[in-house]
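So you can see what is in the structure, the chains are spelled out below.
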There are 2 protein chains.
Amino acid sequence: MQEVIRVAVDAMGGDNAPGEIVKGAIEAVNTRRDIQVVLVGQQEVIAEELKKYTYEKDQIEIKNATEVIETAEHPVNAIRKKKDSSIVVGMNMVKQKEADAFVSAGSSGAVLVGGQVIVGRIRGIERPPLAPLIPTETGVSLLIDCGANVDARSSHLVQFARMGSIYMENVVGIKNPRVAIVNIGAEEEKGNALVKETYPLLKECKDINFVGSIEAREIPHGGADVIVCEAFVGNVILKLYEGLSSTLIGVVKQGMLSSLKSKIGAALALPALKKTLKSFDASQYGGAPLLGLNGLVVKTHGSSKAKEVKNSIIQCVTFKEQDINNKIKKNIVISETEE
Amino acid sequence: MQEVIRVAVDAMGGDNAPGEIVKGAIEAVNTRRDIQVVLVGQQEVIAEELKKYTYEKDQIEIKNATEVIETAEHPVNAIRKKKDSSIVVGMNMVKQKEADAFVSAGSSGAVLVGGQVIVGRIRGIERPPLAPLIPTETGVSLLIDCGANVDARSSHLVQFARMGSIYMENVVGIKNPRVAIVNIGAEEEKGNALVKETYPLLKECKDINFVGSIEAREIPHGGADVIVCEAFVGNVILKLYEGLSSTLIGVVKQGMLSSLKSKIGAALALPALKKTLKSFDASQYGGAPLLGLNGLVVKTHGSSKAKEVKNSIIQCVTFKEQDINNKIKKNIVISETEE
């Protein structure tokens with residue numbers, strides 16, 4: 001018999017909760033029979049949403065949680081005080097092994113804090129990085145770290161590189177992924193203090209395919225599979241990706257609607273164009289895992305719709321099947337102890 | 001009589017030197033009678049290029065410089081050893097007041113080092129930032145600093161904000177420009193150590209219109225006129241802007257050529273589209289000034305063509321007319337001394 005994976009889903013988190021979250025959960029269980037989803041949040045609200053859909057009853061559960069953490073709340077305080085919030089309850093399920101994974105579109109800060117405080121780090125992992133997949137010309141790259149842990153040290157970045165490499169190889173299926181560090185030039189002597197300190201350490205790692213520095217210009221061209229950086233820089237890259245893509249697509253549309261001739265052209269070209277632009281749509285790729293925890297936590301965009309929620313849930317299956325956390329323990333924590 | 005501005009131009013620097021550089025210089029002097037260009041570099045090579053054009057002889061001079069600094073060379077060594085290179089000779093002209101400005105598409109590192117070592121900082125300015133204009137939905141913003149001076153301190157960033165504000169107000173013509181600091185969230189308590197330290201200092205500056213933090217997502221939307229950050233982050237933003245724009249434009253073209261129907265559409269829509277995309281072409285805006293020096297140094301893209309060279313030369317006129325360096329001395333250096 002096939003092993004079943006249980007995913008706790010924050011039904012109250014994100015701009016489109018609970019509607020799109022519940023819809024995404026339904027789509028996930030209707031796609032795969034080996035997934036059980038536990039919708040965490042206000043029971044009555046969720047039950048009401050569930051009435052809209054048909055699904056196998058043994059694949060969907062509700063776990064009541066009366067409180068909701070808002071995006072504007074201070075993450076540490078919110079996690080400490082709102083013990084009956086969907087985020088705290090869902091994370092506790094992962095901690096207690098009542099769920100294999102927790103997916104949330106809610107407050108990034110609260111998810112990051114909760115991951116560390118409630119689910120807890122794998123022993124030996126210094127910092128759990130948030131690692132979204134970003135679209136490139138040739139496929140996707142893992143951007144690690146985009147979390148809230150700013151002012152990182154070089155030892156953190158080395159662990160990010162190794163965890164990211166394991167994730168890309170086993171979850172995304174890229175053999176021997178190319179690992180690069182974000183820098184302001186290609187030469188080894190370039191960079192700020194952190195990069196200069198980290199570069200030689202990455203070069204020494206025998207278990208990763210370190211290809212050197214990557215300038216931000218090369219990221220969209222698919223210059224590396226695992227893009228290592230500290231969280232401030234990662235956040236800037238991720239947010240600029242979002243902002244610039246939407247701006248440029250807007251500029252393109254505006255350009256094509258500026259004359260009658262171009263309007264006709266736009267009408268003819270748009271269906272094909274939309275298909276291609278879809279490959280640059282981050283929601284295709286589900287959410288960002290918070291790596292290095294005793295369990296899996298996945299953060300999806302605050303603006304997630306059903307499709308992204310569904311993809312984030314399905315992503316958890318590969319993570320469990322590939323036994324990523326044991327690979328992290330074995331390849332990183334044990335090998336570091338031996339050094 | 002109109003005042004004439006003398007601009008020394010590095011005829012040997014950049015991927016398209018000397019052809020496009022000389023062409024750009026000719027276009028600049030043929031546009032404005034009040035510009036004199038001194039082409040710095042190998043005399044015979046430049047003279048040969050000049051034969052292709054007609055221009056007023058009193059507007060173009062050649063200053064011989066036998067050596068060329070290559071992009072791959074170590075900047076500090078190159079500036080120290082190649083005394084007869086176009087960069088060193090051109091910068092010495094600014095230092096000796098034989099030229100008002102120096103424009104180069106050559107090695108960024110050498111231009112940044114030369115600016116500090118040869119031209120020299122305005123007394124009281126801690127670091128000269130490199131400040132390119134980047135296109136946005138609503139116009140342009142000044143991204144300050146994108147130089148090679150990584151690991152900045154908060155006092156540097158405060159000076160960047162004030163110099164950037166003066167530049168945008170007087171050279172670009174934005175009244176009371178909005179100044180923001182790049183951050184990973186909008187709240188004052190967000191950010192890394194540098195940003196947290198700088199934020200309250202910027203809030204206290206009475207001579208700038210500080211509007212708080214800006215997330216990278218808002219930069220392309222034109223969320224601020226002066227975008228303050230340290231050089232590593234600035235470099236990442238600038239390079240990602242370039243890389244992502246070219247990738248997305250490529251994706252758009254590919255999408256429009258994917259079927260016969262969309263090809264016909266593309267043929268009709270492309271002229272209008274190109275016109276709109278032009279507003280997102282960085283070469284429209286000339287080069288990036290290196291602010292805070294005893295003279296003006298402008299770095300243009302290594303890949304600059306004639307148009308960008310021309311625009312960079314013309315940009316120097318406004319800089320001089322508006323007496324930017326005296327404004328920097330008066331508003332920043334003197335007011336800091338008084339504090």
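Refer to the structure presented above.
Quick summary incoming for the structure in this document. (Residues numbered from 1 in each chain as written. Chains lettered and ligands numbered in written order. Predicted model: local features only at pLDDT ≥ 70, side-chain atom pairs only at ≥ 80, totals over all residues. Heavy atoms only, no water.)

Comments concerning the overall build of chain A
Test applied: The helix and strand labels rest on DSSP assignments: H or I over at least four residues marks a helix, E over at least two residues marks a strand, and numbering proceeds from the N terminus. The contact criterion used throughout is that any non-hydrogen atoms of two residues lie within 4.5 Å. The protein chains shown are the only cover counted for residues, whose accessible areas, like all others here, come from Shrake-Rupley with a 1.4 Å probe. Neither His nor the chain termini are counted; the positive set is Lys and Arg, and the negative set is Asp and Glu. For this purpose, a charge sits on NZ of Lys, CZ of Arg, CG of Asp or CD of Glu.
In terms of helices and strands, chain A carries 11 helices and 11 strands. If one aligns the C-alpha atoms of chain A with their principal axes, the spans along those axes are about 65 × 60 × 45 Å. Considering only residue pairs separated by 6 or more positions, chain A has 72% of its internal contacts joining residues 24 or more positions apart. Of the roughly 13900 Å² of accessible surface on chain A, a fraction of 50% belongs to carbon and sulfur atoms. Charge centroids of chain A, computed over 41 positive and 41 negative side chains, lie 3 Å from each other.

A word on the packing of aromatic side chains
The relation between two aromatic rings is expressed through the spacing of the ring centres and the mutual angle of the planes. Rule in force here: Here a Phe, Tyr or Trp ring, Trp counted by its six-membered ring, pairs with any other such ring whose centre lies within 6.5 Å, and the pair is stacked when the planes are under 30 degrees apart, edge-to-face when over 60, and tilted otherwise. In this scheme, a residue with accessible area under 20% of its type's maximum is buried, one over 50% is exposed, and one in between is partly exposed, where area comes from a 1.4 Å probe on protein chains only. Note on geometry: a ring has a charge over it if NZ (lysine) or CZ (arginine) is within 6 Å of the ring centre and within 35 degrees of the ring normal.
Counted according to the given criterion, the structure contains 4 aromatic pairs over all chains. Seen from their ring centres, Y199(A) and F210(A) are 5.2 Å apart, and the 75 degrees between their planes marks the pair as edge-to-face. With a gap of 11 residues between them, Y199(A) in helix α7 (residues 193–204) and F210(A) in strand β8 (residues 209–214) connect regions that are remote in the sequence. Each member of the pair Y199(A) and F210(A) is classed as buried. Residues Y167(B) and F319(B) carry aromatic rings whose centres are separated by 6.1 Å and whose planes lie at 45 degrees to one another, so their mutual orientation is tilted. With Y167(B) in helix α6 (residues 154–172) and F319(B) in helix α10 (residues 306–321), the pair connects residues that are 152 residues apart, well separated along the chain. Classification of F319(B) by relative accessible area gives buried; the value is 6%. One cation-aromatic arrangement involves K57(A) over Y55(A); the distance from NZ or CZ to the ring centre is 4.1 Å.

Digging into the pattern of salt bridges
All names here are of chain A. Selection criterion: Should a side-chain nitrogen of Lys or Arg be within 4 Å of a carboxyl oxygen of Asp or Glu, the pair is scored as a salt bridge.
Across all of its chains, the model carries 30 salt bridges over all chains by this definition. K82 serves as the salt-bridge partner of E73, at 2.7 Å between the closest nitrogen and oxygen. Judged by its relative accessible area of 23%, E73 is partly exposed. With a shortest N-O distance of 3.3 Å, K320 and D100 are connected by a salt bridge. Note that K320 is positioned in helix α10 (residues 306–321) and D100 in the loop between α4 (86–95) and β4 (101–104), a separation of 220 residues in sequence. Assessed through its relative accessible area of 30%, K320 is described here as partly exposed. One salt-bridge network, in which partners are shared between bridges, spans E3, D100 and K320.

Structural notes on the nonpolar core
Heads up, the condition is: To define a nonpolar core, start from buried Ala, Val, Leu, Ile, Met, Phe, Trp, Tyr and Cys residues and group those joined through side-chain atoms within 4.5 Å.
Membership of the largest hydrophobic core comes to 175 residues, with the highest contact counts inside it found for L39(A), V182(A), I219(A), I313(A), L39(B) and I313(B). Setting aside its immediate chain neighbours within four residues, I313(A) contacts V7(A), V9(A), G24(A), A25(A), A28(A), I35(A), V37(A) and V103(A).

Looking at the state of the cysteines
All names here are of chain B. Put simply, the test is: For this text, the term disulfide refers to a pair of cysteine sulfurs within 2.5 Å.
Under the defined criterion, the tally for this structure stands at 0 disulfides over all chains. Cysteine C146 remains unbridged, with the sulfur of C229 as its closest cysteine sulfur at 5.8 Å. Relative accessible area serves as the criterion here: at 5%, C146 is assigned to the buried category. Of all cysteine sulfurs, the one in C229 lies closest to C205, which takes part in no disulfide; the gap is 16 Å.

Focus on the interface of chain B and chain A
Stated formally: Buried area, as used here, totals the accessible surface that two parts lose on assembly, with accessibility defined by a 1.4 Å probe and the loss added over both. Think of a polar contact as two N or O atoms within 3.5 Å of one another; within protein, one of them needs to be a possible hydrogen donor and the other a possible acceptor, and neighboring residues in sequence only count if both atoms come from side chains. Any residue outside Ala, Val, Leu, Ile, Met, Phe, Trp, Tyr, Cys, Pro, Asp, Glu, Lys and Arg is labelled polar, Gly included; the first ten of those are nonpolar and the last four are charged.
Contacts between the two partners involve 49 residues from chain B and, on the opposite side, 50 residues from chain A. Of all residues in chain B, I184(B), F232(B) and L240(B) give up the largest surface area on contact with chain A, accounting jointly for 14% of the area buried on that side. Taken together, the links from chain B to chain A amount to 4 salt bridges. Across the salt bridge formed by R217(B) and E242(A), the nearest N and O atoms sit 3.1 Å from each other. Taken together, the connections running from chain B to chain A amount to 10 residue pairs in polar contact (both at pLDDT 80 or more). Those elements giving two or more residues to the side of chain B that touches chain A turn out to be α7 (193–204), α8 (231–256) and α9 (260–278) of chain B. A per-element tally of the side of chain B that touches chain A places α8(B) first, with 20 residues. Its residues placed into classes, the side of chain B that touches chain A shows 27 nonpolar, 15 polar and 7 charged.

A look at the relation of the copies chain B and chain A
The line we're drawing: The fit set for superposing copies consists of C-alpha atoms from residues with pLDDT of at least 70 in both; the fit itself is least squares.
At an RMSD of 0.1 Å, chain B and chain A line up after a rotation of 180 degrees and a shift of 0.0 Å along the axis. In the structure described here, the two chain copies are related by an operation that fits a two-fold rotation axis. The C-alpha atom lying nearest the rotation axis in chain B is that of G265(B); the distance is 1.8 Å. When you check the interface residues of chain B against chain A, 100% turn up at the interface there too, and the contact is symmetric in its surfaces.

Honestly, that's just the spatial picture; any functional story needs more than this.
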